[in-house]
Amino acid sequence: MPTLAESVVSILEPLVGPMVADTCVRATALSLGKSADDLLADDMPALESNVKRLLGPIAPRQTIDSIIAEMEGSIR
Amino acid sequence: MTTGAFSRRTWAVLVFGLAAAVIVQMLVASGVGGESTAVAISDIGGILVIGMAAVVTIRTALAFGTGEPLRAQWLAIGVGIAVYVLGDIVWAYTEVVRGLDPPFPGLPDIFYVAMYVFLGWGIISAALAYKGLVRMKVPLISSAVITIASAAAIYVVLVKDIILDPSVAFLEKALTVFYPAGDTLLLLAPAVFIVLVVSQLGRGALGVPWRFVVAGVAVLAVADAVYQWLEWQGAYSTGHIIDLGWMIGYVLLAVGASVMRDLILPAPRG
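Residues numbered from 1 in each chain as written. Chains lettered and ligands numbered in written order. Predicted model: local features only at pLDDT ≥ 70, side-chain atom pairs only at ≥ 80, totals over all residues. Heavy atoms only, no water.

Peer 1: Which residues make up the overall build of chain B, and what are the values?
Peer 2: A tally of regular secondary structure across chain B gives eight helices and zero strands. Listed N to C, the secondary structure of chain B is α-α-α-α-α-α-α-α in terms of helices and strands. For chain B, the C-alpha radius of gyration of 19 Å lies close to 18 Å, the compact-globule estimate for 270 residues. In terms of its C-alpha atoms, chain B occupies a principal-axis envelope of roughly 65 × 40 × 30 Å. Of the contacts made within chain B by residues no fewer than 6 positions apart, 77% connect residues no fewer than 24 positions apart. Approximately 12200 Å² of chain B is accessible, and the part contributed by carbon and sulfur atoms is 71%. Of the side chains in chain B, 14 bear a positive and 15 a negative charge, and the two mean positions are spaced by 22 Å. (Helix = DSSP H or I, 4+ residues; strand = E, 2+ residues; numbered from the N terminus. Rg over C-alpha atoms; globule rule 2.2 N^0.38 Å. Contact = heavy atoms within 4.5 Å. Areas by Shrake-Rupley, 256 points an atom, 1.4 Å probe, with all protein chains shown as cover. Lys, Arg positive; Asp, Glu negative; His and termini not counted. Charge placed at Lys NZ, Arg CZ, Asp CG, Glu CD.)

Peer 1: An account of the interface of chain B and chain A is needed here, citing residue identities and associated values.
Peer 2: Facing 28 residues of chain B, the contacting portion of chain A comprises 26 residues. Summing both sides of the interface, chain B and chain A together bury roughly 2100 Å²; the carbon and sulfur share of this comes to 66%. Where chain B touches chain A, the interface holds zero salt bridges. Taken together, the connections running from chain B to chain A amount to six residue pairs in polar contact (both at pLDDT 80 or more). The biggest single contributor to the side of chain B that touches chain A is helix α3 (residues 69–97) of chain B, with three residues. Here the side of chain B that touches chain A is composed, by residue class, of 18 nonpolar, seven polar and three charged. (Buried area = accessible area lost by both parts, 1.4 Å probe. Salt bridge = Lys/Arg side-chain N within 4 Å of Asp/Glu carboxyl O. Polar contact = N/O pair within 3.5 Å; in protein donor to acceptor, adjacent residues only side chain to side chain. Nonpolar A, V, L, I, M, F, W, Y, C, P; charged D, E, K, R; others polar.)

Peer 1: With reference to specific residues and values, describe the nonpolar core.
Peer 2: Within the largest apolar cluster, 99 residues are counted, with the highest numbers of intra-cluster contacts made by Leu 55 of chain A together with Trp 74, Leu 206 and Trp 210 of chain B. If near-sequence neighbours (up to four positions away) are discounted, Trp 210 of chain B is found in contact with Gln 73, Trp 74, Ile 77, Ala 126, Tyr 130, Ile 194, Val 198 and Met 260 of chain B. (Core = buried A, V, L, I, M, F, W, Y, C linked by side-chain atoms within 4.5 Å. Buried < 20%, exposed > 50% of the residue type's maximum accessible area, 1.4 Å probe, protein only.)

Peer 1: Lay out the pattern of salt bridges in plain terms, naming residues and giving numbers.
Peer 2: Residues and elements named next belong to chain A. Counted under the stated rule, the structure contains three salt bridges over all chains. Between Asp 22 and Arg 26 there is a salt bridge; the shortest N-O distance is 2.6 Å. Here Asp 22 and its partner Arg 26 are both found in helix α1 (residues 4–31), four residues apart, which amounts to about one turn of the helix.

Peer 1: Before we move on, can you summarise the environment of Glu 172 of chain B with the specific residues and values?
Peer 2: All names here are of chain B. Mapping Glu 172 onto the fold places it in helix α6 (residues 170–198). A sequence separation of 60 residues divides Glu 172 from Trp 232, and the C-alpha atoms of the two residues are 10.0 Å apart. Excluding its chain neighbours within four sequence positions, the residues that come into contact with Glu 172 are Phe 104 and Pro 105.

Peer 1: Account for the side chain of Asp 165 of chain B, naming residues and giving values.
Peer 2: Residues and elements named next belong to chain B. By the element assignment, Asp 165 lies in the loop between α5 (137–164) and α6. Here Ser 167 takes part through its side chain, which lies 2.7 Å from a polar atom of the side chain of Asp 165. In contact with Asp 165, other than residues within four places in its own chain, are Lys 173 and Trp 232.

Peer 1: Now, about the packing of helix α2 (residues 35–63) of chain B against helix α8 (residues 242–262) of chain B: what can you tell me, with residues and values included?
Peer 2: All names here are of chain B. The geometry of α2 relative to α8 is characterised by a closest axis approach of 9 Å and an angle of 20 degrees between their N-to-C directions. By the angle class used here, α2 and α8 are roughly parallel. Crossing of α2 against α8: the hand is left-handed. Taken together, the residues of α8 that come into contact with α2 (itself represented by Ser 42, Gly 45, Gly 46, Val 49, Ile 50, Met 52, Ala 53, Val 56, Thr 57, Arg 59, Thr 60 and Ala 63) are Asp 243, Trp 246, Met 247, Tyr 250, Val 251, Leu 253, Ala 254, Ala 257, Ser 258 and Arg 261. Looking at the contact of α2 with α8, its residues break down into 13 nonpolar, six polar and three charged. (Axes fitted to C-alpha atoms, helices over the stretch in contact; angles between N-to-C directions. Parallel < 35°, antiparallel > 145°, perpendicular 65-115°, else oblique. Left-handed = near helix turned anticlockwise from the far one by under 90°.)

Peer 1: Describe the packing of aromatic side chains, with residues and values.
Peer 2: Residue and element names in this part refer to chain B. For the coordinates displayed, the defined rule picks out ten aromatic pairs over all chains. Consider the rings of Trp 74 and Trp 210, whose centres lie 4.7 Å apart with planes at 20 degrees: the pair is stacked. Pair noted here: Trp 74 is in helix α3 and Trp 210 is in helix α7 (residues 208–233), with a separation of 136 residues, a long-range link. For the residue pair Trp 74 and Trp 210, the accessibility class agrees, reading buried in each case. Geometrically, the ring pair formed by Phe 178 and Tyr 179 is edge-to-face, given 6.0 Å between the ring centres and 70 degrees between the ring planes. According to the relative accessible area criterion, Phe 178 is partly exposed, its value standing at 26%. An aromatic cluster is present here, built from Phe 6, Trp 11 and Phe 212 joined pairwise through their rings. (Phe/Tyr/Trp six-rings, centres within 6.5 Å; stacked < 30°, edge-to-face > 60°.)

As structure tokens, this is what we get:
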């Protein structure tokens with residue numbers, strides 16, 4: 001079963017490519033004092049907040065909302 | 001998430017835009033209806049094709065929510081295209097309705113110069129929006145190097161001789177220098193910068209619209225440089241094949257806008 005980090009990267013990748021998707025996840029993990037592989041479902045609010053902050057200036061808001069919904073769906 | 005395919009709207013903008021540009025140029029080249037008709041077809045056809053590009057781009061901008069950075073970026077690009085069309089309308093009025101040769105420099109140049117401000121600002125602000133996500137230093141240095149090399153080439157090939165030509169009036173010299181300089185510094189440099197920035201997205205769909213924008217800007221820059229040279233040589237007249245370059249350049253910008261609109265996904269339910 002993929003980790004949370006892997007799931008989120010795979011959701012972001014079609015839009016921003018693998019490098020930026022990885023950056024989004026790693027930046028969140030770093031801000032929480034964790035490695036990307038250690039991210040858990042409890043860290044989802046921080047992940048969502050970081051994705052919104054980083055992608056907000058470059059992607060349509062509705063698309064970001066859709067990605068967030070998909071991220072939430074991946075942990076259910 | 002599906003982001004790979006273009007919408008029917010985008011295909012329509014691409015195919016219809018390019019086809020319309022080519023048809024206008026073919027009608028002009030055929031000389032149908034005589035010289036004055038060919039000039040009218042060229043001027044009005046250009047206005048319709050580039051006007052369509054302005055409408056598509058502005059509609060894309062307005063498809064984004066109020067306060068969204070993408071709205072401001074694409075609105076600047078769309079308004080830039082629209083002011084260029086205004087310049088073309090003034091040009092066509094002078095040439096087709098009044099039957100006069102549009103003066104250079106003249107009223108249309110005010111709109112053509114304004115276009116650089118809007119278009120350049122839109123592309124630069126879009127590129128800077130990636131700050132924090134990707135490396136900016138390498139694209140910045142690379143675009144600066146490419147810009148300096150292009151500016152030097154344009155200076156040697158085009159600008160130097162025009163500046164030294166005593167038969168060219170000051171304002172004409174200033175504008176003749178501004179257009180290639182504006183193409184290089186305000187359009188090409190930001191375009192190269194953004195394409196290097198979004199190249200770091202790999203196959204990420206967000207990079208695709210900007211690749212069309214860069215292609216469009218490159219076509220516009222070449223068309224402008226050739227136009228300046230032809231104008232200086234007294235070899236340009238309305239309906240010249242170079243007019244096709246402007247139409248295609250702006251159509252490519254509109255395609256970029258439409259591709260960006262394709263990336264708006266349906267709102268999540270519940």
